[in-house]
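# Secondary and tertiary structure notes
Here is what each chain is made of, one letter per residue.
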Amino acid sequence: MAASRALSALRLPAVSRLPLTACVRSNSNRAAICHLHRQLYGRRYPVLLVSTDGSTVRLRYSEPKRILMLPLDSSTLPEAERKARLRRQFPSKPKAKEEEIFEGIDLDTYKKFWKK
C-alpha cells in the first residue's frame, strides 16, 4: 500500500510523443559535462525510489537519476530527533578564531642555513 501511495505521488504528466527536435548546435561543443540540458527525455529510466521507512521500489522515471528519496514528515518524529535533524540541517555559525599575533623572527637562529 505504501508503494502504491509513493507511486501515485510521483505520477508524471503524460509525455507527449512528438519527435525530438534536432539541436541547432549539433556539434562536439554541445556535449554536456554534468547533465543533459533537455526538457523532454526520449525514454524512461530505471530509478530506485526510497521511502521514508527505508523500503525501496524500482520504477521507471522520466529523468536519468539513480535514487529518488521521498521527503520525511517531521511531524511524525519524536521531539528529540526533530531537534537533532534541525541542528544538522541548520548548523550554528562557527565561532571566530583569535588570530595569532606575529612577533617577528629571530634571524640568528636560521643563520646556519644561509649560503655564503
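Placed above this text is the structure.
Bear in mind the structure is a predicted one, so any value in this text is a computation, not a measurement.

## Digging into the pairing of strand 2 (residues 56–61)
Alignment of strand 1 (residues 45–50) against strand 2, held across six bridges, turns out to be antiparallel. The residue of strand 2 that forms the bridge with V50 is T56.

## Thoughts on the sheet that holds strand 2
Pairing is mixed across the open sheet formed by three strands, whose spatial order is 2-1-3. Single-partner strands in this sheet number two, and they are strand 2 and strand 3 (67–69). Pairwise comparison of adjacent strand axes, ignoring direction, gives a mean angle of 35 degrees for this sheet.

## Overview of the environment of T52
Note that T52 resides in the loop between strand 1 and strand 2. By relative accessible area, which is 47% here, T52 ends up partly exposed. Between the alpha carbons of T52 and P71 there is a distance of 6.8 Å; along the sequence they are 19 residues apart. Ignoring anything within four residues of it in the chain, the contact list for T52 reads L70, P71 and L72.

Scoring rules and cut-offs
Residues numbered from 1 in each chain as written. Predicted model: local features only at pLDDT ≥ 70, side-chain atom pairs only at ≥ 80, totals over all residues. Heavy atoms only, no water. Pairing = 2+ DSSP bridges. Helix = DSSP H or I, 4+ residues; strand = E, 2+ residues; numbered from the N terminus. Axes fitted to C-alpha atoms, helices over the stretch in contact; angles between N-to-C directions. Buried < 20%, exposed > 50% of the residue type's maximum accessible area, 1.4 Å probe, protein only. Contact = heavy atoms within 4.5 Å.

Shape descriptors only; they carry no functional weight alone.
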